[in-house]
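# Chains, contacts and geometry: an overview
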Amino acid sequence: MTDLLYSDVEEDLRASVRDLLKAKATPEALLARVETAEGYDLKLWRTLADEVGVAGLAVPEELDGHGASAREVAVVAEELGRSVAPVPFLGSVVLATTALVRAGADDFVRRLATGSAIGALAVPLSTAPGAGFPSSVTASPDGTLSGRVGTVADASVADLLVVPAAGPDGPGLYVVSAADATVSELVSFDLTRRVADVELSNAPATLVASGPDAASALEEALLFGAGILASEQTGVAEWALTETVSYLKGRYQFGRPVGGFQSLKHRLANLYTDLVLARAAARYAADSLATGTDVPIAVAVAQARNGPIAVKAAEEAIQLHGGIGMTWEHPAHLYLKRAKADELALGTPGKHRARLAELVDLPA
């Protein structure tokens, strides 16, 4: 039977990432940053990519990566969810790198794995696994790309864009320099993960996969992204519960801690039960991605379950913090926005439930 407990290596990785985020991504620093046009903390990203090695975590060693599995990537995602750090982990490490590894684009993979470049997968962030190959971008016979893709995660800081496009000979996966595209950052609901529109007009491109290989690489990247996102949602929910328990222990009314009131204890107990379920689903999805076993089913279960749990935990955190939880100065609103944006990212819970029904042959 698969062991879903965290290994010693995973716990060591968690400790390294958590210590760095505690020092560099404090709530005060986070709130100050989202009020500026700067958005992403690229200095923190370079530290994570270079010193901790998260950029090439799941990349094979022969491609300058660390040869880790999806389980280690999920641990990093969980810690990033706990801190909602504004770094391009999802777009570059999880989506773009996975697509390029599956496509066999070794030279581009090396650039992303070493942290010398940031990537983004040019599909709308809401795209779910199984959605089919997009056709909003077309490839000309001369190999240039034209078209528009909306709400691309992390595109505003990307150096390389991995673009699915409909070519004259069928679907293709291309790499375009961000300098050859028009990237327009949008006003994002989630202030810690920006989205942008990408416009291509006869942009020079490098074909890295075509036909079924391109479709397969895109589908695997979306599946990997949705599975890892479940761990980020677990991290968001864990932060919400931990911070709320700590606050209620120190908040007194009628001469006793607010957390001692039975109705609030019941709400916290329900959140804890939800968190346990979310972690189990996320860990199984990560392990399935690592072993290649029951991947579509495990990912669908995790996304159908964890999105609503993260949103509920963040909502409860705001309510149970009382007046302070409603203010801009408290970071709880950033977690609610991340949780809600994650619930819509890479497929809504409803889409994943429908996909799960198909996968296990449930009647409509």
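Refer to the preceding data block for the structure.
Here goes a summary of the coordinates provided. (Residues numbered from 1 in each chain as written. Predicted model: local features only at pLDDT ≥ 70, side-chain atom pairs only at ≥ 80, totals over all residues. Heavy atoms only, no water.)

Enumeration according to the criterion identifies one aromatic pair in this entry. Between Trp239 and Tyr335 the ring centres are 3.7 Å apart and the planes differ by 0°, which places this aromatic pair in the stacked class. Of this pair, Trp239 sits in helix H7 (residues 212–250) while Tyr335 sits in helix H10 (residues 332–344); the two residues are 96 residues apart in sequence, bridging distant segments of the chain. Tyr335 carries the same exposure label as Trp239, and that label is buried. When the ring centre of Tyr6 is taken as reference, the NZ or CZ atom of Arg14 above it lies at 4.4 Å. (Phe/Tyr/Trp six-rings, centres within 6.5 Å; stacked < 30°, edge-to-face > 60°. Helix = DSSP H or I, 4+ residues; strand = E, 2+ residues; numbered from the N terminus. Buried < 20%, exposed > 50% of the residue type's maximum accessible area, 1.4 Å probe, protein only. Lys NZ or Arg CZ within 6 Å of the ring centre and 35° of its normal.)

What follows is about the environment of Ala237. Within the fold, Ala237 resides in helix H7. Between the C-alpha atoms of Ala237 and Ala314, which are 77 residues apart in sequence, the distance is 6.6 Å. Leave out the neighbours within four places in its chain, and Ala237 touches Leu275, Ile309, Ala310 and Ala313. (Contact = heavy atoms within 4.5 Å.)

A few words on the pattern of salt bridges. Pairing between side chains becomes possible if they bear opposite charge and their charged atoms approach one another. Tallied over the full model, the rule gives 25 salt bridges. Between Glu10 and Arg71 there is a salt bridge whose closest N-O contact spans 2.8 Å. Note that Glu10 is positioned in helix H1 (residues 8–24) and Arg71 in helix H4 (residues 70–83), a separation of 61 residues in sequence. Between Glu219 and Arg355 there is a salt bridge; the shortest N-O distance is 3.4 Å. Here Arg355 lies in helix H11 (residues 349–359) and Glu219 lies in helix H7, a separation of 136 residues in the sequence. Connected through salt bridges with shared partners, the residues Glu11, Arg14, Arg18, Glu78, Glu79, Arg82, Glu238 and Arg279 form a single ionic network. (Salt bridge = Lys/Arg side-chain N within 4 Å of Asp/Glu carboxyl O.)

Let's shift gears to the environment of Leu145. Relative to the elements of secondary structure, Leu145 occurs in strand S3 (residues 145–153). Considering only alpha carbons, one finds Leu145 and Ala99, 46 residues apart in sequence, at a separation of 18 Å. Leu145 has contacts with Val137, Thr138, Ala139, Val163, Ala165, Tyr174, Val176, Leu200, Ser201, Asn202, Ala203 and Ala205, leaving out every residue within four places of it along the chain.

Below, the discussion takes up helix H2 (residues 27–34). Taken as a whole, H2 has its buried residues at Leu30, Leu31, Arg33 and Val34. Projected onto a plane normal to the axis of H2, the buried residues spread over an arc of 165° and lie on a single side. Buried residues along H2 sit against H4 and H10. (Arc of directions from axis to C-beta.)

Take the pairing of S3 next. Note: strand S2 (residues 137–139) against S3, three bridges, orientation antiparallel. Note on S3: the bridge partner recorded for Ala139 is Leu145. Taken together, S2 and the strand that follows it, S3, pair antiparallel across an intervening segment of five residues, in which Gly143 is found at a positive phi of about 90°. (Pairing = 2+ DSSP bridges.)

Let us now look at the pairing of strand S7 (residues 195–203). Of the strand pairs in this sheet, S3 and S7 are connected by six bridges, and their pairing is antiparallel. Within S7, the residue paired with Val149 across the bridge is Val198. In this sheet, S7 lies alongside strand S6 (residues 182–185) in antiparallel orientation, the contact comprising four bridges. Considered in S7, the bridge of Ser184 is made with Asp197.

Two elements in contact, helix H8 (residues 262–291) and helix H9 (residues 295–320), have axes whose closest approach is 8 Å; the angle formed by their N-to-C orientations is 150°. What the angle tells us is that H8 and H9 run roughly antiparallel. As for how H8 packs across H9, the hand of that crossing is left-handed. Classifying every residue of the contact of H8 with H9 gives 17 nonpolar, four polar and five charged. (Axes fitted to C-alpha atoms, helices over the stretch in contact; angles between N-to-C directions. Parallel < 35°, antiparallel > 145°, perpendicular 65-115°, else oblique. Left-handed = near helix turned anticlockwise from the far one by under 90°. Nonpolar A, V, L, I, M, F, W, Y, C, P; charged D, E, K, R; others polar.)

Turning our eyes to something else, we now look at the nonpolar core. Within soluble globular proteins, side chains that are nonpolar tend to cluster in buried spots. One finds Trp45, Leu48, Phe89, Leu100, Leu121, Leu173 and Ile228 to be the most contacted residues of the largest nonpolar core, which totals 67 residues. Sort the elements by how many residues they give to this core and H7 lands first, with 10 residues. Setting aside residues no more than four positions away along its own chain, Ile228 makes contact with Ala70, Val73, Ala74, Ala77, Val94 and Leu289. Ranked by size, the runner-up nonpolar core spans 28 residues in total, among them Leu30, Leu191, Ala314 and Ile318. (Core = buried A, V, L, I, M, F, W, Y, C linked by side-chain atoms within 4.5 Å.)

To continue, consider the environment of Gln233. Along the polypeptide, Gln233 turns up in helix H7. Through-space distance from the C-alpha of Gln233 to that of Val52 is 22 Å; in sequence the pair is 181 residues apart.

Structurally, Gln303 can be placed in helix H9. Classification of Gln303 as buried rests on a relative accessible area of 1%. Looking at Gln303, its side chain comes within polar contact range of the side chain of Gln233, at 3.2 Å. Ignoring any residue separated from it by four or fewer positions in sequence, one finds Gln303 in contact with Ala226, Leu229, Ala230, Gln233, Pro308, Asp342, Ala345, Gly347, Pro349 and His352. (Polar contact = N/O pair within 3.5 Å; in protein donor to acceptor, adjacent residues only side chain to side chain.)

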